[in-house]
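As a plain string of letters, each chain reads:
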Amino acid sequence: MFDFSSFKLIKNSNDFFVGIRKSALEDGYEFCLPNGFDNFPDGNFNEVRDLFFKMYRTFRKFERDNTGTNRFNLNRSDFQQDQDQTTLSAGGVSMQTEDGEVCVLYSKIKMIERVLEAYDDLAINSIQKKARRSEDIDYSQLYKYLDRAIYLDNDVIYVEAMDLPRPTVRYESTDIVNLYCYILDEIVQQLDGDVPDNIQAHSQDIRFLAQRFQDGYLTSNQSIFDKDTFGETISILKEALDNIDKNTYYKDADYWGLYEAIEIFLYGEINPDQNDGDYWGIKGFSLVWEDMCNTYFFKEYPDKICYADTDIPLKDPPNPESERQGEEPKRVGNHQANHGNYGYGNKWIYRTISNIPYPKNPGNFGWNELLCIELDTQPGTLVYSNPRYNELENRDRSRAMRRFPRPDLVLKLETQNGFKLRILDYKDVPLDFYLNPSSSPKSKNKYNNDIFKQLTYEFALQQTHTVAESVFFIPWYYTAEPEPDPLGETEQQPEMKGIKIFKANFFIIQKLYLENS
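Residues numbered from 1 in each chain as written. Predicted model: local features only at pLDDT ≥ 70, side-chain atom pairs only at ≥ 80, totals over all residues. Heavy atoms only, no water.

Colleague: Before we move on, could you go through the overall build of the protein and cite the residues and values that matter?
Modeller: Each helix and strand counted, the protein has 14 helices and 21 strands in total. Long-range contacts, defined here as pairs at least 24 residues apart, represent 63% of the contacts in the protein between residues at least 6 apart. With the model as given, the accessible surface of the protein reaches about 27700 Å², and the carbon-plus-sulfur share is 45%. (Helix = DSSP H or I, 4+ residues; strand = E, 2+ residues; numbered from the N terminus. Contact = heavy atoms within 4.5 Å. Areas by Shrake-Rupley, 256 points an atom, 1.4 Å probe, with all protein chains shown as cover.)

Colleague: Talk me through unusual backbone geometry; I want residue IDs and the actual numbers.
Modeller: Looking along the chain, the bond that leaves Glu328 and enters Pro329 is cis, with omega of 0°. In this structure, Pro329 sits in the loop between β10 (305–308) and β11 (335–336). Note that the residue after Glu483, namely Pro484, is joined by a cis bond; omega there is 5°. In this structure, Pro484 sits in the loop between β19 (467–476) and β20 (488–490). Located in the positive-phi region is Asp192, a residue other than glycine, with phi close to 55°. Here Asp192 is to be found in the loop between α5 (173–190) and α6 (197–200). Despite not being glycine, Asn319 shows a phi value in the positive range, around 50°. Mapped onto the elements, Asn319 comes out in the loop between β10 and β11.

Colleague: Describe the confidence of the model for the protein, with residues and values.
Modeller: Confidence in the prediction for the protein averages 81 pLDDT; 77% of positions are at 70 or higher. Scored below 50 in pLDDT, residues 73–91 shows 37 contacts in the model against residues more than four places distant or in partner chains. With pLDDT under 50 throughout, residues 165–171 is counted as low confidence; its partners more than four residues away or in other chains account for nine contacts. (pLDDT = per-residue confidence, 0-100.)

Colleague: Describe the sheet that holds strand β17 (residues 409–415), naming the residues involved and giving the relevant values.
Modeller: Strands sit in the order β11-β12-β10-β17-β18-β19-β21-β20 across an open sheet of eight strands; the sheet is mixed. This sheet does not close on itself; its edge strands, each paired only once, are β11 and β20. Set on the sheet, helix α10 (residues 286–300) makes contact with β10, β12 (348–351), β17, β18 (418–426), β19 and β21 (500–505); between it and β18 the angle comes to about 155°. Packed on one face of the sheet, helix α14 (residues 506–514) meets β19 and β21 and runs near 60° to β21. (Pairing = 2+ DSSP bridges. Axes fitted to C-alpha atoms, helices over the stretch in contact; angles between N-to-C directions.)

Colleague: With reference to specific residues and values, describe the pairing of β18.
Modeller: As judged from the seven bridges shared by β17 and β18, these two strands associate in the antiparallel manner. Bridging across to β18, Leu413 finds its partner in Lys420. Linking β17 back to β18 in an antiparallel pair, the connection comprises two residues. In the sheet, β18 pairs with β19 via six bridges, with the strands oriented parallel. Among the inter-strand pairings, Leu424 is bridged to a residue of β19, identified as Val471.

Colleague: Which residues make up the packing of aromatic side chains, and what are the values?
Modeller: Taken as a whole and assessed by the stated rule, the structure comprises 43 aromatic pairs. Judged by centre distance (5.6 Å) and plane angle (80°), the ring pair of Phe4 and Phe45 falls under edge-to-face. One end of the pair, Phe4, is in the segment before β1 (8–10); the other, Phe45, is in helix α1 (residues 45–66), and 41 residues separate them in sequence. Judged by its relative accessible area of 1%, Phe4 falls in the buried class. Positioned above the aromatic ring of Phe502 is the side chain of Arg422, whose terminal nitrogen or guanidinium carbon lies 5.8 Å from the ring centre. (Phe/Tyr/Trp six-rings, centres within 6.5 Å; stacked < 30°, edge-to-face > 60°. Buried < 20%, exposed > 50% of the residue type's maximum accessible area, 1.4 Å probe, protein only. Lys NZ or Arg CZ within 6 Å of the ring centre and 35° of its normal.)

Colleague: Outline a nonpolar patch on the surface, listing residues and values.
Modeller: A cluster of nonpolar side chains, contributed by Ile150, Leu152, Val156 and Tyr158, occupies part of the molecular surface with about 360 Å² of accessible area. Within the element layout of this structure, Tyr158 appears in strand β8 (residues 156–158). Assessed through its relative accessible area of 43%, Tyr158 is described here as partly exposed. (Patch = residues over 30% accessible without salt bridge, like charges linked within 9 Å, V, L, I, M, F, W, Y side chains within 5 Å. Salt bridge = Lys/Arg side-chain N within 4 Å of Asp/Glu carboxyl O.)

Colleague: I'd like a description of the environment of Asn505, backed by residues and values.
Modeller: Tracing the sequence through the fold places Asn505 in strand β21. Look at Asn505 and you get buried, because its relative accessible area is 8%. Spatially, the C-alpha atoms of Asn505 and Gly488 are 5.2 Å apart, while their sequence positions differ by 17 residues. Among all residues touching Asn505, those that are not within four sequence positions of it are Trp476, Tyr478, Pro482, Pro486, Leu487 and Gly488. Only 3.2 Å separates the side chain of Asn505 from the backbone oxygen of Pro486, close enough to count as a polar contact. (Polar contact = N/O pair within 3.5 Å; in protein donor to acceptor, adjacent residues only side chain to side chain.)

Colleague: So what's going on with the packing of α1 against α10? Residues and values would help.
Modeller: As a packed pair, α1 and α10 sit with axes 11 Å apart at the nearest point and diverge in direction by 85°. Considering their axes alone, α1 and α10 lie roughly perpendicular with respect to each other. Listed contacts from α10 to Thr58, Phe62 and Asn66 of α1 are Leu287, Val288, Asp291 and Met292. Residues of the contact of α1 with α10, tallied by class, amount to four nonpolar, two polar and one charged. (Parallel < 35°, antiparallel > 145°, perpendicular 65-115°, else oblique. Nonpolar A, V, L, I, M, F, W, Y, C, P; charged D, E, K, R; others polar.)

Colleague: Break down the nonpolar core for me, citing the residues and quoting the values.
Modeller: Core analysis: the biggest nonpolar cluster contains 94 residues, and Phe2, Phe4, Phe52, Ile183, Phe285, Trp289 and Phe473 have the highest contact counts within it. Among the elements that take part in this core, α5 stands out by supplying ten residues, more than any other. Not counting the four nearest positions on each side in its chain, Phe285 is found in contact with Phe16, Val18, Pro34, Met55, Phe59, Met292, Asp428 and Phe506. Core analysis: the second largest hydrophobic core is formed by 14 residues, Cys306, Trp367, Leu371 and Leu421 among them. (Core = buried A, V, L, I, M, F, W, Y, C linked by side-chain atoms within 4.5 Å.)

Written out as structure tokens, the structure is:
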């Protein structure tokens, strides 16, 4: 298992990778942090450990939520990529964003996955039943237990157990179960109970067997994931596994299943030859950041959302679409998206109905319909000095060319006279990307594209409503909770065509993302 204090922390990685990988320049591992983690402490075992397990849960939830959707699917590696823009690579899943950028997700770490997958209540009970009960009796101490003895016929006494010093090691098949449950229980605690249902259902039994192992081999303050006792604890577990294996004579498939899971956990590392991929994490974190942010806003402000380019799963989605009522899990998308993004992106979006009525038909426009840019290619007359001579009002607009831009989120901001709009686009980039856009030609191009798209969203909605704020929403690590808004603060940046940069509190958003996951 990893020594979390030994990781070299990489901040604002140039290749937009978030996760753990072997260092290309030296021995050991590097932990590439999300963008915005400039102030994250170096060499802090507990902070790195906590971040690792939160990211582990985040990647698992992201893959679970998106498997089988139009966003990406798990396919055979020989499946044609242009079918759904998704293929399996060695140990991971490849997908593409709406902009066609390739993302690769490696959510599995064999040393943890094998421990979780090895749990089988029937197998563990089977191993325990194969071990006969054996209580040691010290006959020289019999006289001390006459008051507890059972007197049988023919002057025979029976002593069931004695309070003798605990033996250093007692090798039985059940020892492998106790060791396994100790490791499993430690992992369950770090994952905050976010484990498969069969493990959750037997958590008390697992905790009981884990305690038996700790009582026999460890002190009360020792732990696999404690910064002060990590190394010593792992050494004791390795020695215990070795002694158990040497002194266990009956080894069946159940035994070997637990043994291999323990061995991989204690001795394993990220290994491409074992289908762990070249790393654990995701190359292209933007898709995860989008889901995290959308989950936050749907849980905190469901009544304020006008439009969201997402189809995340949610326990009780607002304004559900009737034809999707039978789907599991339930998702927020309630309107099929317009085509035109080359097969990438969400098949469903979330929209509510606006306060703008149709000009000729009953009903009101949906917010997705107001997000429209129209180009009329017909010749016409436009007289600036005297608009009454214009020929624009009575023209046939059915032949106009239309595009429907898709911002990540549009929110209502209540005012005394009604409401205004707030447009958010989630950006997985470091702050410096917007402060110094000319740092590279590629950065400058993306910077210009981001600005252009954001202004397009504004322009479309300004035809019918007032846009109060247009925001780039970037991840940020805070050493202390910001005030007055715990969610984050706005950067006082140079002029960006009126667009603001909001540094969002990464851990607040992640916490809501992982709740009830």
